[in-house]
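# Structural features, examined
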Amino acid sequence: MGTFGTAALSSMEEQLPWFRRMPAEQRSWIGLVAQAGIAAFVEWFKSNEQTRPAIAGEVFGTAPRELLRSIKLQHTIDMVRVIIDVVETRLDELAAPGGEAQLREAILRYTRDVAFGAAQVYARAAETRAAWDARLEALVVNAVLHGEVDDGMHSWAAALGWTSKPVTVIAGLTPEDEEPEVTIDQMQLAARRARADVLAGVQGHRVIVIVGGDADPMEAARPIAAKCGPGPVVVGPRVGDLYDSTRSARAAVAGLRAAAGWPDAPRPVQAAELLPERALDGDDEARHHLVEGVYNPMLAAGAPLLDTLTTYLEQGSSLEATARLLFVHPNTVRYRLRRVSELTGLSPTDGRNAFTLRIALVLGRFQSRSTHI
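All of the points below concern the structure found in this document.

Parameters and conventions
Residues numbered from 1 in each chain as written. Predicted model: local features only at pLDDT ≥ 70, side-chain atom pairs only at ≥ 80, totals over all residues. Heavy atoms only, no water. Helix = DSSP H or I, 4+ residues; strand = E, 2+ residues; numbered from the N terminus. Buried < 20%, exposed > 50% of the residue type's maximum accessible area, 1.4 Å probe, protein only. Contact = heavy atoms within 4.5 Å. Areas by Shrake-Rupley, 256 points an atom, 1.4 Å probe, with all protein chains shown as cover. Core = buried A, V, L, I, M, F, W, Y, C linked by side-chain atoms within 4.5 Å. Phe/Tyr/Trp six-rings, centres within 6.5 Å; stacked < 30°, edge-to-face > 60°. Lys NZ or Arg CZ within 6 Å of the ring centre and 35° of its normal. Expected span 1.5 Å × (residues − 1). Arc of directions from axis to C-beta. Pairing = 2+ DSSP bridges. Axes fitted to C-alpha atoms, helices over the stretch in contact; angles between N-to-C directions. Parallel < 35°, antiparallel > 145°, perpendicular 65-115°, else oblique. Left-handed = near helix turned anticlockwise from the far one by under 90°. Nonpolar A, V, L, I, M, F, W, Y, C, P; charged D, E, K, R; others polar. Salt bridge = Lys/Arg side-chain N within 4 Å of Asp/Glu carboxyl O.

A few words on the overall build of the protein. Secondary structure summary: the protein contains 18 helices and five strands in total. With 373 residues in all, the protein has 44% of them scored as buried. Intrachain contacts of the protein at a sequence separation of at least 6 include 67% that bridge at least 24 residues. Taken as a whole, the protein presents about 20,000 Å² of accessible surface, with 53% of it coming from carbon and sulfur.

In structure tokens:
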């Protein structure tokens, strides 16, 4: 058995380039596995092949855990093939006179079980790794949602192979009657097809997806939205990296909660498009954005701009009625409305934008009131 083990190692070193590149310690471990395999075959053959060989325990049980991490399943198959070739070339030395056919058949049966045993070992290791990865992924998503983004969380993400920047967080509802593991697998598959990295987690009836990469957030969200359950799918703002991902997550979750106020919202929809609903639902960040990004620029431009917008909205978006009430020419109203669009990025003539501007005006007045009371 020692002679055959040595011959098998020599043959592997000659035929397998990856084996030659391995450290001496790992090559010695493989030698132990090879000798264990040959010894187990001899013992099994001596027992008249009455029992099924315990491959996983007798052969692969001699391999240290570190060996499983460094040798791929394809490498294991290559090693088994080389060992079989070595044994078959020396059948005459092993077999009793006239027993060559019986020995060859036994080798075929034994190597079949070796193949199944190897698959079982790697499948068990893959299941363990998958379960560990799922726990890490859930921890990362939970940390992002709760604002606990630190170096420890980055270590967890790195262990999952996460290297992508920038980051967008997407929030949706889970499909009905579907296991969380299936939902997450579907999200990851959709993301891979879109060439984006994904970390996903299911929390109750909602699914949170962290998308990394340079892809357009809305384009990346569309295949993910197709895997979500019925209801809104909200895309948070793009941020620089995981350290800033909590901001995107807060916006996405707040948008998901407030999306009921806009039943006809597109799917997916950006969290920024739900600012008025989020503000009405009590989202302080949305209120701050509407005041600082919409109301204050108009306030700084002068009272006539605010008066014109207010009158225009109250008069049902009528230019003529607004001009009459303000005693100005309709072209002056048009000019001031264009200035509103330039300052805020929102057109008063668009129904949805007009609603956002109206909410911004109310919130801005609330702020002005609080400073004078």
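Now for the nonpolar core. Ranked by internal contacts, the top residues of the largest apolar core, which has 29 residues, are V144, M153, W162, I208, I210 and L242. Other than its neighbours up to four places away in sequence, W162 contacts A157, V167, D197, V198, L199, I210, V211, G212 and L242. Core analysis: the second largest hydrophobic core is formed by 25 residues, L275, A279, M298 and L306 among them.

We describe a pair of aromatic rings using the distance from one ring centre to the other and the angle between the two ring planes. Counted according to the given criterion, the structure contains zero aromatic pairs. The ring of W262 carries the charged tip of R352 above its face, separated from the ring centre by 3.6 Å.

Let us now look at the environment of E219. Looking at where E219 falls in the secondary structure, it is placed in helix α11 (residues 217–227). In sequence terms E219 and P268 are 49 residues apart; their C-alpha atoms lie 9.5 Å from each other.

Right, let's get into helix α10 (residues 180–193). With 14 residues, α10 should cover 20 Å at 1.5 Å per step; its first-to-last C-alpha distance of 20 Å lies within 8% of that length. T183, I184, M187, Q188, A190 and A191 are the residues of α10 that are buried. The arc enclosing the buried residues of α10, seen along the axis, measures out at 160 degrees, which places them on a common side. For α10, the exposed residues lying more than 90 degrees away from the buried face are E181, R192 and R193. R195 sits one or two residues past α10 and shows a positive phi near 60 degrees.

Let's shift gears to the sheet that holds strand β3 (residues 206–212). Sheet strands pair by backbone hydrogen bonding; their relative direction is either parallel or antiparallel. Strand order across the open sheet formed by five strands is β2-β3-β1-β4-β5, with mixed pairing between neighbours. Single-partner strands in this sheet number two, and they are β2 (197–203) and β5 (269–270). Where β2 and β3 come together, seven bridges link them in antiparallel fashion. If you follow V202 over to β3, its bridge partner there is V207. Sheet contacts for α10: β2 and β3; angle to β2, the most-contacted strand, approximately 160 degrees.

Residue placement: S11 occurs in helix α1 (residues 2–15). Apart from the residues within four sequence positions on either side, S11 is in contact with V82 and V86.

Relative to the assigned elements, E148 resides in the loop between α8 (100–145) and α9 (151–159). Between the C-alpha atom of E148 and that of T246, which follows or precedes it by 98 residues, the distance is 8.3 Å. Residues within four places of E148 in sequence aside, it is in contact with A143 and M153.

Two elements in contact, α10 and α11, have axes whose closest approach is 9 Å; the angle formed by their N-to-C orientations is 150 degrees. On the basis of their axis angle, the class for α10 and α11 is roughly antiparallel. Every pair of crossing elements has a handedness; the one defined by α10 and α11 is right-handed. Along the contact surface, α10 presents Q186, M187 and A190, while α11 presents P223, I224 and K227. Among the residues making up the contact of α10 with α11, the classes are represented as four nonpolar, one polar and one charged.

Before going further, it helps to spend a moment on the pattern of salt bridges. Tallied over the full model, the rule gives seven salt bridges. Of the charged contacts in the structure, one is a salt bridge between E285 and R250, with a shortest N-O distance of 2.5 Å. Linking E285 in helix α14 (residues 284–301) with R250 in helix α12 (residues 245–258), this pair joins segments that are 35 residues apart in sequence. For R339, the salt bridge identified is with E342, shortest N-O distance 3.1 Å. With a gap of three residues between them, R339 and E342 both fall in helix α17 (residues 330–344), about one helical turn apart. R339 sits in the partly exposed class, given a relative accessible area of 27%.

Distances and angles like these do not, on their own, reveal function.
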